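Chain by chain, the residues:
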Amino acid sequence: MKPLIIANWKCNPTTQQEAKRLFNLVKRGIKSIKNTEVVICPPFLYISNLKSQISNLKLGAQDCFWEEKGAFTGEISSLMLKNLGCQYVIIGHSERRKYQQEKDSMIYKKIEAALKRGLKPILCIDKISQIPSFLRKRGGRRGRSPLRPKKDLGGVIIAYEPLFAIGTGKPCSIEKAKKMRLLILRNLNKNLPVLYGGSVNSQNARDYIEKAKFQGLLVGGTSLNAQEFIKLVKNVSQT
Ligand code: PGA
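This is a predicted model, so every value here is computed, not measured.

(A) Expanded view of the site of the ligand. Taken together, 13 residues lie around the ligand, and Lys10, His93, Glu161, Gly167 and Ser199 are the ones closest in. Between the ligand and histidine 93 there is a distance of 2.7 Å, counted from an oxygen atom to a side-chain nitrogen or oxygen. Separating an oxygen atom of the ligand from a backbone N or O atom of glycine 167 is a distance of 2.7 Å. For the ligand, whose accessible area on its own is 280 Å², the fraction buried by protein is 95%. At a threshold of 2 Å from the grid points, most atoms of the ligand map onto the second largest pocket. For the shell around the ligand, a count of residues per class yields four nonpolar, seven polar and two charged.

The structure is reproduced here in structure tokens:
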């Protein structure tokens, strides 16, 4: 698998023009990079105006609702995202757990909805107990998933995002991140890709891939600075 870099723009930027500008700068900057997949996750309302013809730049969303349509004021469904051209969706980010009080049970329903529509869910966790039971090895600690999924769950991507590292400028040490990656893998019932997220920048990005062996990165703050983000992607592509 190519290294996967997910740009989580969070609630930024504040205008459509700025969003287009940032997207187009990144698109131009990474055009010649073939061995790294980059996914931009903008706020929902910018998605339909961002288009990429280049194969290594994809679109994702920062959340989705578990129902497809109906009386759910303010929600955006996985079907809507799929119809807009999204291929990925971040689910269970710690900021949603904190500010929207998202619970594991809601997060697992969102994963199921995303898989049903062919979106690749990126499940954010900061501890092993947040791994849903349907992804856990038998005999391990049980998650609280209400799901009994019928289909293959191979499409799930796990993102290890330690709370202390998110948006703080204090990244997790390579040694600790490496240990957590192995622990996550030991608890999974199949070999899923594991990404690292938390204060990733153009200087430290490569080490998480090369030394800690993550399959990719979830990048917040740095993804809003086109030049730094392009540098980050280039550094990763040289691994
Ligand atoms: P950060 O955010 O890169 O700004 O630390 C990462 C994230 O929240 O996914």
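(B) Up close: the packing of aromatic side chains. Applying the stated criterion across every chain, the model contains six aromatic pairs. Relative to phenylalanine 72, the ring of phenylalanine 65 lies with its centre 5.0 Å away and its plane at 45°, an arrangement referred to as tilted. On the accessibility criterion, phenylalanine 72 (33% relative accessible area) is partly exposed. Joined through ring pairs, the aromatic side chains of Tyr160, Tyr196, Tyr208 and Phe214 make up one cluster. Over the ring of tryptophan 66 we find lysine 109, and its NZ or CZ is 4.1 Å from the ring centre.

(C) Structural view of the nonpolar core. One finds Ile40, Ile111, Ile158, Ile184, Tyr196, Leu217 and Phe229 to be the most contacted residues of the largest nonpolar core, which totals 61 residues. Core analysis: the second largest hydrophobic core is formed by twelve residues, Cys41, Tyr88, Ile122 and Cys124 among them.

(D) Region of interest: the pattern of salt bridges. Following the criterion strictly, the structure yields 13 salt bridges and no others. Across the salt bridge formed by aspartate 104 and arginine 97, the nearest N and O atoms sit 2.7 Å from each other. The pair formed by aspartate 104 and arginine 97 is uniform in burial state, with each residue classed as buried. Its salt-bridge partner being glutamate 228, residue lysine 231 comes within 3.3 Å of it at the nearest N-O pair. Residue lysine 231 and its partner glutamate 228 are located together in helix α7 (residues 226–237), separated by three residues, close to a single helical turn. Here the residues in one salt-bridge network are Asp63, Arg96, Glu102 and Lys110, joined through shared partners.

(E) The arrangement of the environment of aspartate 63 in detail. Tracing the backbone through its elements, the reader meets aspartate 63 in the loop between β3 (57–61) and α2 (78–84). Take aspartate 63: its relative accessible area is 4%, and that puts it in the buried class. Remark: the alpha-carbon pair of aspartate 63 and serine 77, spanning 14 residues in sequence, is separated by 8.8 Å. Once you skip the residues sitting within four places of it in the chain, aspartate 63 turns out to touch Phe44, Leu81, Val89, Ile90, Arg96, Glu102 and Lys110. Within the local environment of aspartate 63, its side chain forms a polar contact with the side chain of arginine 96, the two groups lying 3.2 Å apart.

Cut-offs used in this document
- Residues numbered from 1 in each chain as written.
- Predicted model: local features only at pLDDT ≥ 70, side-chain atom pairs only at ≥ 80, totals over all residues.
- Heavy atoms only, no water.
- Near = heavy atom within 4 Å.
- Polar contact = N/O pair within 3.5 Å; in protein donor to acceptor, adjacent residues only side chain to side chain.
- Areas by Shrake-Rupley, 256 points an atom, 1.4 Å probe, with all protein chains shown as cover.
- 1 Å grid on protein atoms, 1.4 Å probe; cavity = no way out; pocket = protein on both sides within 12 Å on 5 of 7 lines; lining within 4 Å.
- Sits in = over half its atoms within 2 Å of the grid points.
- Nonpolar A, V, L, I, M, F, W, Y, C, P; charged D, E, K, R; others polar.
- Phe/Tyr/Trp six-rings, centres within 6.5 Å; stacked < 30°, edge-to-face > 60°.
- Buried < 20%, exposed > 50% of the residue type's maximum accessible area, 1.4 Å probe, protein only.
- Lys NZ or Arg CZ within 6 Å of the ring centre and 35° of its normal.
- Core = buried A, V, L, I, M, F, W, Y, C linked by side-chain atoms within 4.5 Å.
- Salt bridge = Lys/Arg side-chain N within 4 Å of Asp/Glu carboxyl O.
- Helix = DSSP H or I, 4+ residues; strand = E, 2+ residues; numbered from the N terminus.
- Contact = heavy atoms within 4.5 Å.

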